[in-house]
Amino acid sequence: MSAVAELVERTRAFVTEHVYPVEREVVAGGRVTDDALRLDLQKKAKEAGVFGPLSDPRYGGLGLDTRGQAQVLEAAGASLLGPLAVNAWAPDDGNIHLLAHVANSEQQERYLAPLASGEVRSAIALTEPAPGAGSDPRMLRTNAQETDDGWVINGAKHFTTGANGAAFTICVAMTSDGPTMFLVDQDNPGLRVGRRMPTLDHTSAPGGHCEVEFIDCEVPDSAVLGEVGRGLELAQVRLAPSRLVFCMNWLGLAVRAQQLTVEHITGRSAFGVPIAEHGIAQGLVADNEIDIAAARALVRSVAETVDVHGPASPQARHETSVAKTFVSEAVWRVLDRAVQLHGGLGVCEDHLVARFLVEARAFRIYEGPSEVLRWSIARRVLRGPR
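A quick note: this is a predicted structure, and the numbers were derived from the prediction, not measured.

The next subject is a negative patch on the surface. Taken together, the side chains of E146, D148, D149, D177, D216, E218 and D221 define an acidic patch exposed on the protein surface. Residue class for E218 comes out exposed when judged on its relative accessible area of 59%.

Below is the structure:
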């Protein structure tokens, strides 16, 4: 057995033993997914040797390439809380990758080290209320003015995932030279975390999706992440891996939903025979298996592209757009069929698949709505090879 295959088995065992019971407490028992829960799960993940599939070994991580991550995160993704437990959940997953590739040594020591080791959480503030930036980051309205002592940031953001309780936020703001990323400590008096937005997905995101304001927020020159004016360009380093991690995690949940469905329909009878013996039920199970197999093959193929060509390469950007579009919709189809095959119990959160479906709905929007990704995919195809 290869080292990655052995790690996959350990991850499955960890999720089954330690994460599934807590997941049920959160979904059916009303327990809140907070930092106390996160830290407890991550402590157990470290003890089991499955913590940090996205992190470098110097931060206590596993040092996996993208192909290895694809297998391990599918196993972790079998629970809504699995990726959180191993420190591979948004927005920290993308921020770990971004800081590892863009931050200077001082920034890596101050921000990346505690984030990658699970000591803290982070946030990234890009999306803004209308008429600001959403799917089109060029509509950015938050601005940063240069001063003798550094920069002053002003603007409003929303859907800032994890902002409540984060240690720092990566803020994208417009400067005279163009969009720029800034590292802002959460205790900066000019950063104000407001309302936690009441979104459909709330089980697996400590800190929620929040409204955030930057009001005369003063930061030093050392807060610039990367280079002034290259914020959106450098953000591409984060985008492809983050989209692919989403696919890996949610694919794992689709596989789990299929397993739960098979258990249910083989043990429940209707019209004199087990549901599993009805041809129409078998068709839905087969369609689920087809979607899972296709999604898995696509994820692993694109993971190889990212490893070979790099996360910011044109190939990676194109193929992760394809993967994110297909996998997000395939996962939705699998979960919807799982709910249908559970019958009335499918809409009851006691049986988990209802919560799986609701949580997964945002996957088709976050990190690029399917419609926007289709537009960008088509544009690249129509431009032809370069």
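Still more ground to cover, so stick around.
Time to look at the packing of aromatic side chains. Applying the stated criterion to the full structure yields 6 aromatic pairs. Their ring planes at 75 degrees and their centres at 6.0 Å tell us that W89 and F246 sit as a pair that is edge-to-face. Placement of the pair is W89 in the loop between α4 (82–85) and α5 (92–102) and F246 in helix α7 (residues 231–267), with a sequence separation of 157 residues. Taking the relative accessible area as the measure of exposure, W89 reaches 11% and is therefore buried. Take F246: its relative accessible area is 6%, and that puts it in the buried class. Taking the centre distance of 5.9 Å and the plane angle of 20 degrees together, the rings of W250 and F363 count as stacked. Residue W250 is located in helix α7, and its partner F363 is located in the loop between α10 (353–360) and α11 (370–383); the two are separated by 113 residues in the primary sequence.

In terms of domain boundaries, the protein breaks down into domain 1 (3–116), domain 2 (122–227) and domain 3 (232–383). The straight-line distance from the C-alpha centre of domain 1 to that of domain 2 is 24 Å. When the two sides are added together, the surface that domain 1 and domain 2 hide from each other amounts to roughly 1,600 Å², 63% of it contributed by carbon and sulfur. For domain 1, the biggest contributors to the area lost against domain 2 are P91, Q107 and Y111; these three give 30% of the whole. Inspection of the region where domain 1 meets domain 2 yields 1 salt bridge. One salt bridge in this structure joins R110 and D185, with 2.4 Å as the shortest N-O distance. Seen at the junction of domain 1 and domain 2, the total is 7 residue pairs in polar contact (both at pLDDT 80 or more). Among the elements of the structure, α1 (3–29), α5 and α6 (105–116) are those that each provide at least two residues to the side of domain 1 that touches domain 2. Ranked by residues supplied to the side of domain 1 that touches domain 2, first place goes to α5 with 5 residues. When its residues are assigned to classes, the side of domain 1 that touches domain 2 shows 14 nonpolar, 3 polar and 4 charged.

Cut-offs used in this document
- Residues numbered from 1 in each chain as written.
- Predicted model: local features only at pLDDT ≥ 70, side-chain atom pairs only at ≥ 80, totals over all residues.
- Heavy atoms only, no water.
- Patch = residues over 30% accessible without salt bridge, like charges linked within 9 Å, V, L, I, M, F, W, Y side chains within 5 Å.
- Areas by Shrake-Rupley, 256 points an atom, 1.4 Å probe, with all protein chains shown as cover.
- Salt bridge = Lys/Arg side-chain N within 4 Å of Asp/Glu carboxyl O.
- Lys, Arg positive; Asp, Glu negative; His and termini not counted.
- Charge placed at Lys NZ, Arg CZ, Asp CG, Glu CD.
- Buried < 20%, exposed > 50% of the residue type's maximum accessible area, 1.4 Å probe, protein only.
- Phe/Tyr/Trp six-rings, centres within 6.5 Å; stacked < 30°, edge-to-face > 60°.
- Helix = DSSP H or I, 4+ residues; strand = E, 2+ residues; numbered from the N terminus.
- Domains from an automatic or database assignment.
- Buried area = accessible area lost by both parts, 1.4 Å probe.
- Polar contact = N/O pair within 3.5 Å; in protein donor to acceptor, adjacent residues only side chain to side chain.
- Nonpolar A, V, L, I, M, F, W, Y, C, P; charged D, E, K, R; others polar.

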